[in-house]
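Overview (structure and organization)
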Amino acid sequence: MRKTDIILSGSPTLKIVLTAVALAAMGGLFFVFDPLKAGFFPRCPFNMLTGLYCPGCGTQRAIHALVHGHLLQAAGYNLLSVLALPLVGYSAVAFAGSHLWGLPLRQDIFYRPWFAKGILGTVLLFWVLRNLPFPCFQWMAP
Amino acid sequence: MEPTPLQTGAMPLPRPRNWLVESILVTIFCCLPFGIAGIVFASQVNAKYDVGDYQGAQRASRDARRWTLIGLAVGGGWVVIILLFVLASSIFMIPTPFWH
């Protein structure tokens, strides 16, 4: 067993507690500070090197908008992170719910081959489209 | 041609973790292609398991895990580097070179 396996296969309850604490801390950080104004939020290295946008560019500004309740503004900064929110949220709730309270929440959808391929296609398409210089795709750029 | 399922007794090997959700998170939060590599291998885990290629699925699972963790480490390292730069520039009163 590798070292990372020991950490990753730790007790589910510990994982849930640590994730909840980290989420609350990050949510607070992004609520108080605006990535556009505060100087300490890291800029995307891909964007620094190439000048192009990666699929994750704009996520920090999107989170700031989200924790202030501005869903549309968040989607304007990074559509993908807003679309991923229900998926990741469901996965987290299913994990916590089934481990803590034995709820019958399954994660089968993440194991369907078409689903993973669809995610891959969506990410790649978004990556290309948000970099195209045409006005009709401008709304995808952060 | 469909690969022959491996005969490992009565039961097939359990479906390995595919790291799909973790790869998505790395793709959205770290700005590097590692998360996308993770998603590619995540979809291979599912596809290979469903045609009975259990060993192939486990290999893909290990690769998905590797790329997800590399993405996480690089992203975390990047945040630490930026914070050190910010700290240094505020101590020496010079502007950070990163912001427009």
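Structure: see above.
Now for a quick tour of the structure. (Residues numbered from 1 in each chain as written. Chains lettered and ligands numbered in written order. Predicted model: local features only at pLDDT ≥ 70, side-chain atom pairs only at ≥ 80, totals over all residues. Heavy atoms only, no water.)

Before going further, it helps to examine the overall build of chain A. From N to C terminus, chain A includes seven helices and zero strands. Going from N to C terminus, chain A has its helices and strands arranged as α-α-α-α-α-α-α. Projecting the C-alpha coordinates of chain A onto the three principal axes gives extents of approximately 50 × 40 × 35 Å. Classification of the 142 residues of chain A by burial places 33% in the buried group. About 8600 Å² of surface is accessible on chain A, with carbon and sulfur atoms providing 74% of the total. (Helix = DSSP H or I, 4+ residues; strand = E, 2+ residues; numbered from the N terminus. Buried < 20%, exposed > 50% of the residue type's maximum accessible area, 1.4 Å probe, protein only. Areas by Shrake-Rupley, 256 points an atom, 1.4 Å probe, with all protein chains shown as cover.)

Turning our attention to the pattern of salt bridges. Residues and elements named next belong to chain B. Under the defined criterion, the tally for this structure stands at five salt bridges over all chains. The partner of R66 in a salt bridge is D63, with the nearest N and O atoms 3.0 Å apart. Of this pair, R66 and D63 both sit in helix α3 (residues 54-91), three residues apart, roughly one helical turn. (Salt bridge = Lys/Arg side-chain N within 4 Å of Asp/Glu carboxyl O.)

Quick look at the interface of chain A and chain B now. Each partner contributes residues to the interface: chain A has 35 residues there, and chain B has 33 residues. Between chain A and chain B, a total of about 2900 Å² is buried, with carbon and sulfur atoms accounting for 75% of that surface. On the surface where chain A and chain B come into contact, there are zero salt bridges. Inspection of the chain A/chain B interface yields six residue pairs in polar contact (both at pLDDT 80 or more). Looking at the side of chain A that touches chain B, the elements that each hand over two or more residues are α1 (3-8), α3 (45-50), α4 (59-67), α6 (79-100) and α7 (113-129) of chain A. Per-element accounting of the side of chain A that touches chain B gives the leading share, nine residues, to α7 of chain A. (Contact = heavy atoms within 4.5 Å. Buried area = accessible area lost by both parts, 1.4 Å probe. Polar contact = N/O pair within 3.5 Å; in protein donor to acceptor, adjacent residues only side chain to side chain.)

This part takes up α6 of chain A. Over its 22 residues, α6 of chain A extends 32 Å from the first C-alpha to the last, a length consistent with the 32 Å expected when each residue adds 1.5 Å. By the largest-angle criterion, L85 of chain A marks the main kink of α6 of chain A, which is about 35°, and a proline, P86 of chain A, follows within four residues. Here α6 of chain A has its buried residues at L80, S81, V82, A84, V88, S91, A94, A96 and G97 of chain A. Tucked inside the fold, the buried residues of α6 of chain A contact α2 (12-32), α4, α5 (71-77) and α7 of chain A together with α1 (20-29) of chain B. Near the N-terminus of α6 of chain A, the side chain that reaches the backbone nitrogen of L80 of chain A, with its oxygen 3.0 Å away, is that of N78 of chain A. After α6 of chain A finishes, the residue G102 of chain A shows a positive phi value of roughly 65°. (Expected span 1.5 Å × (residues − 1). Bend = angle between axes of the 7 residues up to and from the residue.)

Residue and element names in this part refer to chain A. Tallying each qualifying case throughout the model produces nine aromatic pairs over all chains. A ring pair is formed by F30 and F41, whose centres lie 5.0 Å apart and whose planes are at 45°; its orientation type is tilted. Highlighted residues: F30 in helix α2 and F41 in the loop between α2 and α3, separated in sequence by 11 residues. Residue F30 shares its accessibility class with F41, and that shared class is buried. (Phe/Tyr/Trp six-rings, centres within 6.5 Å; stacked < 30°, edge-to-face > 60°.)

Here we take up the side chain of S91 of chain A. As for its placement among the helices and strands, S91 of chain A is situated in helix α6. Take S91 of chain A: its relative accessible area is 9%, and that puts it in the buried class. Only 2.7 Å separates the side chain of S91 of chain A from the side chain of Q107 of chain A, close enough to count as a polar contact. Those residues within four positions of S91 of chain A in sequence are excluded, and the remaining contacts are Q107 and F110 of chain A together with V21 of chain B.

Let us look at the nonpolar core. Residues F110, I119 and V123 of chain A together with L20, I24 and I39 of chain B are the most contacted members of the largest nonpolar core, which totals 20 residues. Those elements that provide at least two residues to this core are α6 and α7 of chain A together with α1 and α2 (34-50) of chain B. Looking at which element gives the most residues to this core, the answer is α7 of chain A, with seven residues. Ranked by size, the runner-up nonpolar core spans six residues in total, among them A62, A65, A75 and Y77 of chain A. (Core = buried A, V, L, I, M, F, W, Y, C linked by side-chain atoms within 4.5 Å.)

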